[in-house]
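Observations on chain architecture
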Amino acid sequence: MLWDALPSALDLARFQFAFTVTFHFLFPAFTIGLASYLAVLEGLWLWTGREAYLDVFRYWLKVFAVAFAMGVVSGLVMSYQFGTNWSAFADRTGPVLGPVMAYEVLTAFFLEAGFLGVMLFGLGRVGNRLHFAATCLVATGTLISGFWILSANSWMHTPAGFSIGPDGRFMPEDWWAIVFNPSFPFRYLHTMTGAFLTTAMIVGAVGAYHLLRERRDILGRKNERARIMFSMAMWMAAAVAPAQALFGDMQGLWALEHQPQKVAAMEGHWETQRGAPLILFGMPDMQREETRLAVEIPYLGSLILRHSLDGEIKGLKDFPVDQRPTNVPLVFWSFRTMVGIGTLMIALGAVSLLLRWRGQLYEKPWFLRWAVAMGPSGLVAVTAGWITTEAGRQPFTVYGLMRTADSVSPIAAPALATSLALFVVVYFVVFGAGIWYLFRLFGHAPEPHEEGPRGHEALRTAGITPAPAVAPDAMRDARPAE
Amino acid sequence: MSAETVATIWAFIIAFAVFLYVCMDGFDLGLGILFPWVSGRDERDLAVNTVAPVWDGNETWLVLGGAGLFGVFPLAYATILPALYMPLILMLLGLIFRGVSFEMRFRSETPTQLLWWDRAFSGGSYVAAFFQGVALGALVQGVRVEDRAYAGGWWDWLSPFSVLTGVALLAGYGLLGACWLVWKTEGGLQEQSRKLARVFSFLTLGFIGLVSLIMPFLMPEFRARWFDFPAILLALPVPVLVVVLAWRMFRALDESGRAALARTEPTPPGHVLWEDGLPFLCALGLFFLAYTGLGISMWPLIVPPEITIWDAAAPRSSQVFVLVGAAFLIPIILAYTGYTYWLFRGKIQPGKGYH
């Protein structure tokens, strides 16, 4: 039968989770930073009274509305995936992970959702201060949400504060130890700064695009609002990209202690050695258990991971085959993708400082083009980073204690294949359309008296005559023929 | 507090969250269900604008239901979700279409795009509502569990009864949506909504009756709850109250219609007309009674026919850990949710977006 040609239920469930969670995280990776950026913009507007900040705020508020909606609906899917596809995992880890996720809903999701309406539609309806408070609460909600979900994810990497009951369930013993498990603090920092950089790259790219495209005004200046975006994004890159490298290094040291197999896969090391080289590029070969065509820098591997020239680094061969990452090349290459992009971000930030110091930040087309090209880089780096850490901890869901193969639901492969096909089609259609609208929004230059999410009328302040956003007659004739 | 007491409290909290979800997303989804009979662009914009600031918060109660089940009744989470695999996946996909359409409708650049997002909004609402009803029916008719895991196939959920509950929920959500519009709009759209409310209330009452007649024959436990003495003393007021409320709702719809005829001026912004809100409150009352009836049948089962809330409960430590937060946070959530509703109160003003 046709069904027999399907991959195993386990592989289908894994692929479905990888697909839905990767797609989902693209949106929070962007909106976490964007919410905070909006709070800063509104704060600057209230503080300085400069209208251009309000225009930039409204410009990005429209983007936020679309991106956040996509994050919400794709996130709803995630909260059910644990039960639909990983019910054995849910049953055993529920006592520990369920409460952590329940706290995410209670402290973050309601906060975001509750004040999102005020943030999007309340300007001019509530006072400015109250509106600013709503924006700050939404931004805070995104940070709290990250706190809980990364705590849960970290616990799966470094389980702590539990005992195992007679029926195999994980029983909570110490909530403090569970929530603040060993890998959580740096994972949180690393992920949140990643989100901020992702936003900075997108905002910077949109600003740079309009600086490249627009004519100067009578005074010879470029679009003021695009300059604000670009300048703020480059400050973020200059300040945070180097810090991110530092957090990444700490993350690596943590992983070396708790998940040495993963680090060995990231580095492409098969043999345990002292004074290990840093393999820049190569082809990890799982059959032959070696990394072919390796380009190496001697001793640097030990120096980075052990902070000494002859530090010992364990190779993959030191671990039984059934405890090694199941896809070493994926871990190896996704790690290099992340680090490579991170390096480019640091370079972008450094060059921006130099140009800014010379007063030429907006003047060099090559630099603006570089910033445009870096637009999606944050999303790629964040995705690559997650692939590194999640593919690297296979074949376990709870590290060292529960295998992925033992976590899956008793659902037949045809059901999983059907749902996977549906998810793929729907996600590409719906989120494809959403991303297309985002690009349409990016394509409009930020203008004085920028519209809010529902055109001038929804957010107009007193005294401005509303103009229809689109030809009203054409739209009125758009009645569906039903 | 003993572990049993905590689990009982949690059963009520989760039932409360699910009920709030049903009410609040019920009228959101109802708008999509009514879309085929609300065809003008302006009317559709108005209808969607009545819920745009609040729909996301409404949907969050569904997430709380899911996460709460995971945290407090993990065995229920781990058996119900695989058992209802297909209906839940389809519900989620429906909610995706519905959720993004809120934004996309307003980003549409051509009439064709708008037409497709309207279809996504309406179609997504139909699919989500229908499969929520199917999921409910499939849960009530029983889930096969062996050795702490779901032991049935991936089509077990499909039965005449689950299809019936699916259609019934469509009708019920349509009623909530129509009554919501009676409250939040005026003029032509309100008049149209009043007509729709009457039609959907007949459908809803019919389905409530039909489901109530079938329920006792699904499981002997359910039958005992409804027909044995003295349990019947507790259960009997429910159907009686349904009739009383239904009568009150029809009267309220008539009164609202007469009041609308008598009004010559549009209602000022932010002014709440409680007489127009009464049909909505009655519809919520009907939902509450139906939900209570369901609770009477199922108590204390969480996964019929065998698993009780106490079987499914997480260890006491997990339950208490979340309970401490929930006791403190849920009132705060209700307060700021109420505040948002208050902020966007009154009749939606035509052509003014959110004012």
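Position numbers for residues start from 1 in each chain and track the written sequence from start to end. For this description, chains carry letters from A and ligands carry numbers from 1, given in the order in which they are written. Restriction of local features to residues with pLDDT of at least 70 applies here, the model being predicted, together with a cutoff of 80 or more for giving and counting side-chain atom pairs; totals for whole chains, interfaces and linings are based on all residues.

The name an unreviewed UniProt entry assigns to chain B is Cytochrome bd terminal oxidase subunit II, from the organism uncultured Acetobacteraceae bacterium. The UniProt entry for chain B carries the following comment under Subcellular location (unreviewed entry): "Cell membrane". Looking at chain B in UniProt, the text filed under Sequence similarities (unreviewed entry) is "Belongs to the cytochrome ubiquinol oxidase subunit 2 family." UniProt positions are given in the numbering used here, feature names are shortened, and annotations may be inferred rather than shown by experiment.

**Details of the pairing of strand β4 (residues 278-285) of chain A**
Residues and elements named next belong to chain A. Paired strands, as defined in this entry, are two strands with at least two bridges between them according to DSSP. To qualify as a helix, a DSSP run of H or I must reach at least 4 residues; to qualify as a strand, a run of E must reach at least 2; elements of each kind are numbered from the N terminus. With six bridges connecting them, β4 and strand β5 (residues 290-297) associate as antiparallel partners. From the neighbouring strand, D285 faces β5, where its bridge partner is E290. The antiparallel pairing of β4 with β5 creates a hairpin that spans four residues between the two strands, and E289 there sits at a positive phi of about 55°.

**What about the packing of helix α1 (residues 9-48) of chain A against helix α6 (residues 184-213) of chain A?**
All names here are of chain A. Convention adopted: a line fitted to C-alpha atoms gives each axis, helices being fitted over their contacting stretch, and angles between N-to-C directions are expressed from 0 to 180 degrees. α6 packs onto α1 with a crossing angle of 80° between their chain directions and a minimal axis gap of 7 Å. Of the possible angle classes, the one that applies to α1 and α6 is roughly perpendicular. Residues A29, F30, I32, G33, L34 and Y37 of α1 form the contact with α6, whose own contacting residues are M192, G194, A195, F196, T198, T199, A200, I202 and V203. Split into classes, the residues belonging to the contact of α1 with α6 amount to eleven nonpolar, four polar and no charged. Between 65 and 115 degrees an angle is taken as roughly perpendicular, under 35 as roughly parallel, over 145 as roughly antiparallel, and anywhere else as oblique. Each residue gets a C-beta atom placed from its backbone, and two residues are in contact if those atoms lie within 7 Å. Classification used: nonpolar for Ala, Val, Leu, Ile, Met, Phe, Trp, Tyr, Cys and Pro, charged for Asp, Glu, Lys and Arg, polar for all others including Gly.

**Points about the packing of helix α2 (residues 51-84) of chain A against helix α3 (residues 55-72) of chain B**
Packing of α2 of chain A against α3 of chain B leaves a shortest axis separation of 9 Å and a crossing angle of 15°. As the angle between them shows, α2 of chain A and α3 of chain B are arranged roughly parallel. Relative to α3 of chain B, α2 of chain A is oriented so that their crossing is left-handed. The residues of α3 of chain B that touch α2 of chain A, namely those facing V72, L76, S79, Y80, F82 and G83 of chain A, are D56, E59, V63, G66, A67 and F70 of chain B. When its residues are assigned to classes, the contact of α2 of chain A with α3 of chain B shows seven nonpolar, three polar and two charged. Should the near helix be turned anticlockwise from the far one by less than a right angle, the crossing is termed left-handed; should it be turned clockwise, right-handed.

**Some remarks on the interface of chain B and chain A**
Of the residues lining the interface, 70 residues belong to chain B; the matching set on chain A comes to 65 residues. At the level of secondary structure, the elements contributing two or more residues to the side of chain B that touches chain A comprise α3, α4 (74-83), α5 (85-107), α6 (111-140), β2 (149-150) and α14 (316-343) of chain B. It is α5 of chain B that contributes the most residues to the side of chain B that touches chain A, 16 residues altogether. Per-class residue counts for the side of chain B that touches chain A are 45 nonpolar, 17 polar and eight charged.

**Brief notes about the UniProt feature "transmembrane region" (unreviewed entry) in chain B**
All names here are of chain B. When the UniProt feature table is mapped onto this chain, "transmembrane region" (unreviewed entry) is found at residues 6-39, 84-102, 123-143, 163-183, 195-219, 231-250, 278-300 and 320-344. Annotated as residues 84-102, this span is 95% helix and 0% strand, and its ends, taken at the C-alpha atoms, are 27 Å apart. Its end C-alpha atoms 36 Å apart, residues 320-344 is made of 96% helix and 0% strand.

**Brief notes about the nonpolar core**
Connectivity within a nonpolar core runs through C-beta atoms within 7 Å, and the core itself is a set of buried Ala, Val, Leu, Ile, Met, Phe, Trp, Tyr and Cys residues. Three classes are used. A residue is buried when 20 or more other C-beta atoms lie within 10 Å of its own, exposed when 12 or fewer do, and partly exposed in between, with C-beta atoms placed from the backbone. In this structure, L38 and A237 of chain A together with F73 of chain B are the most contacted members of the largest nonpolar core, which totals 270 residues. With 22 residues, helix α3 (residues 87-121) of chain A is the largest single contributor of residues to this core. Leave out the neighbours within four places in its chain, and L38 of chain A touches F57, W60, L61, F64, T135 and A139 of chain A.

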